[in-house]
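Inside the fold
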Amino acid sequence: MEKTTQFLDLGKQPLANGFLSMQDIDTEYFYNLKYQYDPETSLVSMIDKPAPELMFNDSYPYHSSGSRTMNLHFNRTANSIKSNYNPKTILEIGTNDGAFIRHFNKENSLCVEPCSNFAANTSNDGYSTYNEFWSLELAQKIREEHGFIDVIYAANTMCHMHDLDSALEGIHTLLGPKSVFIFEDPSLLSMLQRCSYDQLYDEHPYIFSVTALDKILRKHHMIITNVESLPVHGGSNRIYAQTTHSPIAIHQSMGYHNHLFMERQLGVDNFETYELFSEAVKRSKGFLLGMLVAFNGNVISYGATSKSTTIFNYCGIGPETIKYIIDTTKDKQCLLSPGAHIPILSPEEGLSNLSDFDAIFLGAWNFIKEILQKERRLKNKKWITHVPFPRFL
Ligand code: TMP
C-alpha cells in the first residue's frame, strides 16, 4: 500500500487571521505549512496542524456577513433549504455572526460556535447557542436534549475540524431517517484548476475533493446524494448527505456523478497531479514577485484576507513591496497583517489620495465581481491577481 506523501511546503507561516499590533510582533506564533496526500482515503491534509484554540477564540476577526456576496449567498441558501426541506429543526455548526441562521426562527434553530465573540451575538438575540467546538460529546448532548435534527448545515466549518472521524460520527448521531446534512467548503478541484494555493492556511487542515468525502462519509454510514458547485470562497462544493440507516430509497444525483467524473479526469486520485501543482505554485510565486516588485513599492492590496497571509509569507512580500492593505473590517484596521506586517487601513483612509499608488493587488480575489463593480474610481489603476496565474486584470 502506498503511503501518505508530502507534496507542498509553503514555509514558515503565521496564523492567517492573526492580525496584530506592533507590540505583539516579538511573540507572534509561526508554524511550518505543509500538505500531504493520502492515496488510500484520497484526502489532502495539513501535516502539522496548529491547535484550534489558537485560531478560534474570543477575538476571531472573520465576519460571515462582512460582504454583500456572502449575505446574498446565505439568504439564497436559507430560502432553498426552507422550500426543499421545510425543517422543524435546524442546527448550524459554525454560526459565526449568524449570517445564515438569522433566516430561521429562533424556536427551531440551534447554533454551535466556538468563538465566544460570535456565540454572544446569536445567544443575545435569543438563539440557543452552544459556545463550544463541535465534538461527538456535544452531538450526544444535543441528541439527548433535542432528538434527531431535520437539517444540519455547516459552511466553511467541516474543513476546519482536525478530528474528522469524530466530527462525522457526531453528525451521524443526529441524523434521523429523513434528516439531511448539508455542508460546503472550498473545492480541491477548483484549487488545482486555479492554482489558488492561498486556500491553504492554518484554518484549512483539509481541502476536500468529492472523491475523498465520498469515502469518508461512507465510513461513517452516510451517503452523498447531491453535489453543487458554488462560486463563493474561490470555488466551493456543497454536499448533501443522508444516513444509510434509512428505509427510504437513496438517489444519487447527476451532480454527484459528474463531480466524481470531473475529479477523476483531473487526476485528484493521482499523486503526480499534486507534484505538478507544487511546481505550478513555485512558478506562480516567481511571476507574482516579478510583477509586484516592478512597481517600486507603489502597490496596495485590496482585502486583508486570510488567503493573502499565505501568499505574502510564502512569497516574502512585505511593506517594502505592498505599502498598505485596505479592508472594511473594523477589527482588522490599524493592525498589521500576520507575518508580513503590512499596515491595514480603512478604505476611506487608504483611498483618500489616489496618487499614493499605481497598482492594486487583489487579495480578496474571490470577491472580484463585487469589488470591481463598486470601485469604478480605481479603473485607471493596474489591478493584479495571481489567479489562475499572475496577471493584470
Ligand atoms: P477572507 O477572504 O478571509 O474571507 O476575507 C475577506 C476580507 O475582504 C474581509 O476582511 C472583508 C474584506 N473585503 C473588503 O475589505 N472589501 C470588500 O469589498 C469585500 C468584498 C471584502
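Right above here is the structure, for reference.
So, here is what we can say about the structure in this document. Along each chain, numbering runs from 1 in the same order as the chain's sequence is written. Since the coordinates come from a predicted model, pLDDT governs what is reported: local features require at least 70, and pairs of side-chain atoms require 80 or more to be given and counted, while whole-chain, interface and lining totals use all residues. With hydrogens and water excluded, all non-hydrogen atoms of the structure serve as input to the side-chain values.

Let us look at a positive patch on the surface. Taken together, Arg 68, Arg 76, Lys 369 and Lys 374 make up a surface patch of like positive charges. Working definition: helices are DSSP H or I runs of at least four residues, strands are E runs of at least two. Numbering for both runs from the N terminus. Counting only elements with at least two residues in the positive patch, the list comes to helix 2 (68-85) and helix 12 (368-374). Following the sequence through the fold, Lys 374 ends up in helix 12. Summary of the burial criterion: residues with accessible area below 20% of their type's maximum are buried, those above 50% are exposed, and those between are partly exposed, where the area comes from a 1.4 Å probe applied to protein chains only. For Lys 374, a relative accessible area of 47% corresponds to the partly exposed category. Here a patch means residues that are over 30% exposed by relative accessible area and free of salt bridges, tied together within 9 Å if like-charged and within 5 Å if nonpolar (Val, Leu, Ile, Met, Phe, Trp, Tyr). To be clear on the numbers: accessible area is Shrake-Rupley with a 1.4 Å probe, and residue cover counts the displayed protein chains and nothing else. Whenever Lys or Arg places a side-chain nitrogen within 4 Å of a carboxyl oxygen from Asp or Glu, that contact is recorded as a salt bridge. Residues scored as charged are limited to Lys and Arg (positive) and Asp and Glu (negative), so that His and the chain ends carry no count. Every charge is mapped to an atom, namely NZ of Lys, CZ of Arg, CG of Asp or CD of Glu.

Below, the discussion takes up the nonpolar core. Working definition of a nonpolar core: buried Ala, Val, Leu, Ile, Met, Phe, Trp, Tyr and Cys residues. They are joined through side-chain atoms within 4.5 Å. Core analysis: the biggest nonpolar cluster contains 43 residues, and Phe 7, Phe 277, Phe 312 and Phe 361 have the highest contact counts within it. Those elements giving two or more residues to this core turn out to be strand 1 (5-14), strand 2 (30-37), strand 3 (44-46), helix 6 (188-194), helix 9 (271-293), helix 10 (306-315), strand 13 (322-326) and strand 15 (359-361). For this core, the element with the highest residue contribution is helix 9, accounting for 8 residues. Here a residue-residue contact requires only that any non-hydrogen atoms of the pair lie within 4.5 Å. Aside from chain neighbours lying at most four places away, what touches Phe 312 is Ser 301, Ile 317, Ile 322, Ile 325, Ala 340, Ile 342 and Phe 361. Ile 152, Met 158, Leu 174 and Val 210 belong to the second-largest nonpolar core, a separate cluster that totals 38 residues.

With that settled, consider the site of the ligand. Lining the immediate environment of the ligand, one finds 16 residues, of which Ser 306, Asp 327, Thr 328, Lys 332 and Lys 374 sit closest. One of the side-chain N or O atoms of Asp 327 is found 2.8 Å from an oxygen atom in the ligand. Any pair of nitrogen or oxygen atoms within 3.5 Å is treated as a polar contact; in protein, a donor-acceptor pairing is required on top of that, and neighbouring residues in sequence qualify only through side-chain atoms on both sides. A distance of 3.0 Å separates an oxygen atom of the ligand from a polar side-chain atom of Thr 329. Burial of the ligand by the protein chains amounts to 96% of its free accessible area of 490 Å². Secondary structure elements with two or more residues in the shell around the ligand: helix 10 and helix 12. When residues in the shell around the ligand are grouped by element, the largest group, 3 residues, is from helix 12. Class assignment of the residues belonging to the shell around the ligand gives a composition of 4 nonpolar, 7 polar and 5 charged. The cutoff for a nearby residue is simple: one of its non-hydrogen atoms must lie within 4 Å of the molecule or strand. Residue polarity is assigned by list, with Asp, Glu, Lys and Arg as charged and Ala, Val, Leu, Ile, Met, Phe, Trp, Tyr, Cys and Pro as nonpolar; anything else, Gly included, falls into the polar class.

At least two bridges found by DSSP between two strands is the condition for calling them paired. Reading across the sheet, the 6 strands line up as 14-13-12-15-16-17 and stay open at both edges, with mixed pairing between neighbours. The open sheet has two edge strands with one neighbour each: strand 14 (344-345) and strand 17 (391-392). The pairing of strand 13 with strand 14 spans 2 bridges and is parallel. Of the residues in strand 14, the one forming a bridge with Ile 325 is Ile 344. Where helix 9 meets the sheet, its contacts fall on strand 12 (299-302), strand 13, strand 15, strand 16 (382-385) and strand 17, and the angle it forms with strand 16 comes to roughly 160 degrees. Fitted lines through C-alpha atoms give the axes, limited to the stretch in contact for helices. The angle between two N-to-C directions lies from 0 to 180 degrees.

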